[in-house]
Amino acid sequence: MNKNSSFIMALAPNTSNKKETVCIFGTGDFGRALGHKMIQSGYPVVFGSRSTQTSSLIPKDAEVLSHAEAAQKAAIIIIAIQRQHYNFLTPLAEILHGKVLVDISNNLKINEYPDSNAEYLAQLVPSAKVVKAFNTVSAWALQSGTLDASRQVFVCGDDTEAKQMVMDIVRALGLTPLDQGSLLAAREIENYPLQLFPMWKFPILLSLGLITFFFFYCLIRDVIYPYVYENKDFSFFIAISIPNRICPILALILLALVYLPGVLAAIIQLYRGTKYRRFPDWLDKWMLCRKQLGLVALAFASLHVLYTLVIPIRSFVRWRISSQIISQALNNKTEPLNTTNAWLSDSYVALGILGFFLFVLLGITSLPSVSNNVNWREFRFVQSKLGYLTLVLCTAHTLVYGGKWFLSPSSYRWYLPNAYMLSLIVPCIVLVVKFVLIFPCLDKPLTRIRQGWERNPQYSE
Ligand code: NAP
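Bear in mind that the values here come from a model prediction, so they are computed numbers and not experimental data. For every chain, the first residue of the written sequence is number 1, and numbering continues from 1 along that sequence. With pLDDT at 70 or above as the cut-off, local features in this predicted model cover only qualifying residues; side-chain atom pairs require 80 or more to be listed or tallied, and sums for whole chains, interfaces and linings still use all residues. Only hydrogens and water are removed before side-chain values are computed, so all heavy atoms of the structure are retained for them.

Notes on the packing of aromatic side chains
Part 1 of the reasoning: Each aromatic pair joins two rings of Phe, Tyr and Trp (for Trp, the six-membered one) with centres within 6.5 Å, and gets the label stacked for planes under 30 degrees apart, edge-to-face for over 60, and tilted for any other angle. Taken as a whole and assessed by the stated rule, the structure comprises 23 aromatic pairs.
Part 2 of the reasoning: Centroid distance Tyr 86 to Tyr 120: 6.2 Å. Interplanar angle 10°. Geometry classified as stacked. Highlighted residues: Tyr 86 in the loop between strand S4 (76–79) and strand S5 (100–103) and Tyr 120 in helix H4 (residues 117–124), separated in sequence by 34 residues.
Part 3 of the reasoning: Burial here depends on accessible area, computed with a 1.4 Å probe over protein chains only, as a share of the maximum for the residue type. Under 20% is buried, over 50% is exposed, and the range in between is partly exposed. Note on Tyr 86: relative accessible area 0%, which makes it buried.
Part 4 of the reasoning: The exposure class assigned to Tyr 120 is buried, which follows from its relative accessible area of 18%.
Part 5 of the reasoning: A network of ring pairs unites the aromatic residues Phe 234, Phe 236, Phe 237, Phe 316 and Trp 319 as a single cluster.
Part 6 of the reasoning: Either the NZ atom of lysine or the CZ atom of arginine qualifies as a charge over a ring when it sits within 6 Å of the ring centre and within 35 degrees of the ring normal. Looking at Lys 19, its charged tip hangs above the ring of Tyr 43, at a distance of 5.4 Å from the centre.
Part 7 of the reasoning: Just above the ring of Tyr 120 sits the side chain of Arg 83; from NZ or CZ to the centre is 4.2 Å. For helices the rule is a DSSP run of H or I covering at least 4 residues; for strands it is a run of E covering at least 2, with both sets numbered from the N terminus onward.

Structure representation (structure tokens):
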């Protein structure tokens, strides 16, 4: 044999890499987009359609045949058709025997049908192996190269081999398959694309409610009251002063609400003497959205920082400072430096800076790319220990800000205390209860309960 022949053989195309034909039922938006992507990735594609007439929209390297003809050409058939039209598959049951049917369909509403679309398909064609996949990828994402969209493809199915074949295709398209188990998971997978920020709903609605409440509260105290009693127009407070009151208040309350469910859970466990009974639903849901609550709180804290930074350039502030200087000059008297006030103001700012720094640190560690790189103990240390320290610093920042005005009657307008006083209620409750829970007489039994000990075991051996 020629010396070069082995070299030539090595360069020859590897026929074993030839990909198997894939059949797509339906030449709609998704079918065509997936067909394009598959052809690009080296898969021969055949479309099964009600009309065998090809059009300029259909990828030119693909064949368009009747459903029965197309199904015979491939072992895998992707059903790019809405669930309500699945009936047309029943007469094809014989041809579809043993084939892998990929259900990619979505619904218009969460839990629209009693069963999932994939289970319905499996029931219509029991002799086929049904796999759910691709429903979380949009036709647009497939067309735009999936670079600026999620690459995750949730896959589930009862036949392991069929699922593996589909996952291989997913990988070949440059996407990431995530095995979700049996076809029972299809219902959940079908609900994913219909959810609208499920974990953010409670934090956002709560924030909107609190913003509305505190806005009107501050408006009454800081704008309407001076107008009624002193005939002063402070309506411009609406632009910066009132938002700069609302933002820190919300940041503090929401941060406290991140830690309140943990404290409530501890009280419930201590009371029940076991960790093996479910928490009430509302507490479970609250615990699940703590990260989102914390991030919304961080957003308000950041806004507070920005609003505070612009204080020196505000016309009202510059006018107040200059009028103080002028009145001192006119009276020919310089006010002495009040060291107590200087201490209070510096401590208040320092506590705020440190609190915000830790707040940002908490936010960064909650990002998946960071939290994936720390172990459970490190994560708990940051989120629990540093989290409580942040709450202590931010509460102290607000307390020092209040300083001596707490008991002053002038800070109660129409019997309404200053808004920041209201913001201290939840954080103080959380910190006091947490402090009590640290006492060994409570901490020890709680730790034992969390390690599995029960006061009155339900299932004794
Ligand atoms: P579409 O553009 O309306 O296409 C649906 C296709 O189904 C039609 O083009 C038609 O293909 C076929 N069809 C319609 N009525 C039929 C019937 N009575 N019997 C048999 N076939 C029928 O819809 P689509 O956007 O491609 O969506 C198709 C499926 O993909 C849906 O289940 C959808 O939930 C899912 N999906 C879509 C997207 C997306 O971004 N569009 C994303 C994820 C999942 P022929 O004319 O060739 O027969």
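Here the narrative resumes.
Topic: the pairing of strand S8 (residues 176–179)
Part 1 of the reasoning: Judged from the four bridges that link them, strand S7 (residues 152–157) and S8 form a sheet pairing that is parallel. For Val 153, the partnering residue across the bridge sits in S8 and is Pro 177.
Part 2 of the reasoning: Considered for its hand, the β-α-β crossover made up of S7, helix H6 (residues 160–172) and S8 is right-handed. By definition, two strands form a pair when at least two bridges between them are found by DSSP. Seen with its strands pointing away from the viewer, a crossover is right-handed when the path leading from the first strand over the helix to the second is clockwise.

Considerations on the sheet that holds S4
Part 1 of the reasoning: The strand order S3-S2-S1-S4-S5-S6-S7-S8 describes an open sheet built from eight strands, whose pairing is mixed. In this open sheet, the two edge strands, each paired with only one partner strand, are strand S3 (63–65) and S8. Taking the axes of each pair of neighbouring strands and ignoring which way they run, one obtains an average angle of 30° across the sheet.
Part 2 of the reasoning: In what follows, a contact means two residues having at least one pair of non-hydrogen atoms within 4.5 Å. Only the stretch in contact is used when fitting a helix axis, every axis being a line fitted to C-alpha atoms; angles between N-to-C directions are given from 0 to 180 degrees. Lying over the sheet, H4 contacts S4, S5 and strand S6 (129–132), oriented at roughly 170° with respect to S6.

Section: the UniProt feature "domain: Ferric oxidoreductase" (unreviewed entry) in the protein
Part 1 of the reasoning: UniProt positions are given in the numbering used here, feature names are shortened, and annotations may be inferred rather than shown by experiment. The positions UniProt marks with the feature "domain: Ferric oxidoreductase" (unreviewed entry) are residues 249–394.
Part 2 of the reasoning: Annotated as residues 249–394, this span is 82% helix and 0% strand, and its ends, taken at the C-alpha atoms, are 10 Å apart.

Remarks on the layout of surface pockets
Unfilled space is identified by rolling a water-sized probe across the atoms.
Part 1 of the reasoning: The calculated volume of the second largest pocket comes to roughly 1,400 Å³.
Part 2 of the reasoning: The method works on a 1 Å grid over the protein atoms by themselves. A cavity is a set of points holding a 1.4 Å probe that cannot get out, a pocket is an open set with protein on both sides within 12 Å along at least five of seven lines, and residues with an atom within 4 Å of a point line them. Along the walls of the second largest pocket sit 38 residues, with Tyr 259, Arg 290, Arg 380, Ser 384 and Tyr 388 positioned nearest its centre.
Part 3 of the reasoning: Taken together, the elements giving at least two residues each to the lining of the second largest pocket come down to helix H9 (241–272), helix H10 (281–288), helix H11 (290–309), helix H13 (339–365), helix H15 (376–402), helix H17 (425–438) and helix H18 (440–450).
Part 4 of the reasoning: Residue composition of the lining of the second largest pocket, by class: 22 nonpolar, nine polar and seven charged. Grid points are joined across faces, edges and corners, and a volume is the space filled by probe spheres set on the points. Residues are grouped as follows: Ala, Val, Leu, Ile, Met, Phe, Trp, Tyr, Cys and Pro are nonpolar; Asp, Glu, Lys and Arg are charged; all remaining types, including Gly, are polar.

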